[in-house]
Amino acid sequence: MRRRDFLRLTALACAGAATRAHSSTAPARPKARVVIVGGGFGGSTCALATRRLDPRIDVTLIDANYRYVTCPMSNEALVGLRTMASLSVDRAELVRAGVRFVRDRVVAVDADRRRVRTESGAAIEYDRLVVAPGIRFLWGTPQGYDESASAIMPHAWNAGAQTELLAMQLRAMRDGGIVAISVPAGLIRCPPGPYERASLIAGFIKQHKPRSKVLIFDANNHFPRQDVFTAAWKAHYGDTVEWISVLDGGAVLRVDVAQKILHTSNGGQPVAVANIIPPQAPGELAVAAGLATGHGWCPIDPATFESQLVAGIHVIGDACIADAMPKSASAACSQAVQCAAAIVATLSGRTASAPVYESVCYSMLAPDDALAIRGRFEIAGRAIRAISAPADETSQARTSSAREEVAHARAWYRDIRKTAFGA
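Below is a summary of the structure that appears in this document.

The subject of this paragraph is the overall build of the chain. Counting secondary structure elements, the chain contains 10 helices and 22 strands. What you see for the chain is a C-alpha radius of gyration of 22 Å, in line with the 22 Å of a compact globule of 423 residues. Seen through its principal axes, the chain has C-alpha atoms that stretch 70 × 45 × 40 Å. Burial statistics for the chain: of 423 residues in total, 56% are counted as buried. Pairs at least 24 residues apart make up 68% of the contacts formed inside the chain by residues separated by at least 6 positions.

Pasting the structure below:
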């Protein structure tokens, strides 16, 4: 799948479902209300897709922020390859498409009365609710890493102020300092993200602080496309990047925030800059609404993304259990398109067609080198399985030149922004 395939497949999915929606001869019905909570890639894509599939549906998107800063490409902002402003989008195009945007925070869901209550006290009713709450951080892991510690050891796993803080620390670091990245065990948003970050930071320090080094403390013993990343680190940066797996004591157990020391089973490692990525779970709303199970994530019907726990509510994006699909922006968009088609079909008394899902994740290995990790997925029984695996096997070759993949990455980012936000 090349640079515009994701947008093309999304458009085809919408067009096909729209044809079915408008061919219905059902009698006139009251205007249906779809409320979407969370305006990231998944929620915004779902809002736009629902409006395009059936403009008769009243679509409301609720999010606390009018502007949204994208995590994709935010690692480039860390090292000055792009500005923070270039990562920022607003809701203007969604509003022009007929989506009602409410700048507020949902604090409660009443599934029996089919309404949500917001921080401002508003009660908004729905026929179908889509929850795209993203992630929350599980503070306290490593020991000593709480929310206040992130002001000194930033996670930068939500793009914005934390990105700017980590960028400032990198610029201020003395030459010869160690940059440490701590990667948690378990499911996280954007699994290749820590290793892209290490790549770009290595490029920055090679140019500006050549005696420095990047240490990746990893609570895992493998990561996506490890073969390509490690080969790129060697080719571009020599011995600047060192990956320490959990088998070699890579799990950070405790942090001394004041002294900037990371403690592992091998002892303490003083560092100049510590990027601690904490373990993750669905956003608080998913838990409060009863959408998450004991293990933390939200089980869904893989064909509609309707919750298996609460009827009438759909969960998309990072918070849901999508089996083989990664937690990524492109996966969230693919899920959102199918979720919108399923909602439109349900509201019209029909069954949504069986989907094929897509995901594409680009990782920048250097300013002039990039890696694409692609996957296609289908429903098998009650699960989503890979048709073509998300390219983490060492046997899969890179089919494009480095510079071509960089161009594809730039085009992909433009396209996915347009898919999700219309801009």
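Attention now moves to helix H7 (residues 226-237). With 12 residues, H7 should cover 16 Å at 1.5 Å per step; its first-to-last C-alpha distance of 16 Å lies within 8% of that length. Buried residues of H7: Gln-226, Val-228, Phe-229, Ala-232, Trp-233 and Tyr-237, and no others. Down the axis of H7, the buried side of the element spans an arc of 165°, and every buried residue falls inside it. Along H7, the residues that are exposed and aim more than 90 degrees away from the buried face are Lys-234 and Ala-235. Where the residues of H7 are buried, they touch helix H6 (193-208), strand E12 (213-218), strand E13 (241-244), strand E20 (356-366) and strand E21 (369-380). Among the residues trailing H7, Gly-238 stands out with phi positive, at a value near 65°.

The next thing to look at is the sheet that holds E12. Sheet architecture is open: 4 strands sit in the order E13-E12-E11-E17, paired in parallel fashion. Edge strands, defined here as strands with exactly one partner in the open sheet, are E13 and strand E17 (273-276). Direction aside, the axes of adjacent strands within the sheet are offset by 15° on average.

Once that is clear, we can look at the packing of aromatic side chains. Tallied over the full model, the rule gives 14 aromatic pairs. Geometrically, the ring pair formed by Tyr-362 and Trp-412 is tilted, given 5.7 Å between the ring centres and 50° between the ring planes. On the criterion of sequence distance, the pair formed by Tyr-362 in strand E20 and Trp-412 in helix H10 (residues 402-421) is long-range, its members being 50 residues apart. Comparing Tyr-362 with Trp-412, the two get one shared label, buried. One aromatic cluster is present, built from ring pairs that chain together Tyr-195, Phe-223, Phe-229, Trp-233 and Trp-243. Geometry around Trp-297 places Lys-327 over its ring, the cationic atom sitting 4.1 Å from the centre.

The next thing to look at is the packing of helix H9 (residues 329-347) against H10. Between H9 and H10, the shortest axis-to-axis distance is 11 Å and the interhelical angle comes to 35°. For H9 against H10, the interelement crossing comes out left-handed. Mapping the contact onto sequence places Ala-329, Ser-330 and Cys-333 in H9 and Trp-412, Ile-416 and Ala-420 in H10. Of the residues belonging to the contact of H9 with H10, the class tally is 5 nonpolar, 1 polar and no charged.

Before going further, it helps to spend a moment on helix H5 (residues 161-172). For H5, with 12 residues, the first-to-last C-alpha span of 17 Å sits near the 16 Å given by 1.5 Å per residue. Buried residues along H5 sit in contact with helix H3 (74-78), strand E11 (178-183), H6 and E17.

Time to look at the pattern of salt bridges. Tallied over the entire structure, the rule returns 22 salt bridges. Asp-110 is the salt-bridge partner of Arg-113, the closest N and O atoms lying 3.9 Å from each other. The class for Arg-113 is exposed, based on a relative accessible area of 56%. A salt bridge links Glu-242 to Lys-213; the nearest nitrogen and oxygen atoms lie 4.0 Å apart.

Calculation notes
- Residues numbered from 1 in each chain as written.
- Predicted model: local features only at pLDDT ≥ 70, side-chain atom pairs only at ≥ 80, totals over all residues.
- Heavy atoms only, no water.
- Helix = DSSP H or I, 4+ residues; strand = E, 2+ residues; numbered from the N terminus.
- Rg over C-alpha atoms; globule rule 2.2 N^0.38 Å.
- Buried < 20%, exposed > 50% of the residue type's maximum accessible area, 1.4 Å probe, protein only.
- Contact = heavy atoms within 4.5 Å.
- Expected span 1.5 Å × (residues − 1).
- Arc of directions from axis to C-beta.
- Pairing = 2+ DSSP bridges.
- Axes fitted to C-alpha atoms, helices over the stretch in contact; angles between N-to-C directions.
- Phe/Tyr/Trp six-rings, centres within 6.5 Å; stacked < 30°, edge-to-face > 60°.
- Lys NZ or Arg CZ within 6 Å of the ring centre and 35° of its normal.
- Left-handed = near helix turned anticlockwise from the far one by under 90°.
- Nonpolar A, V, L, I, M, F, W, Y, C, P; charged D, E, K, R; others polar.
- Salt bridge = Lys/Arg side-chain N within 4 Å of Asp/Glu carboxyl O.

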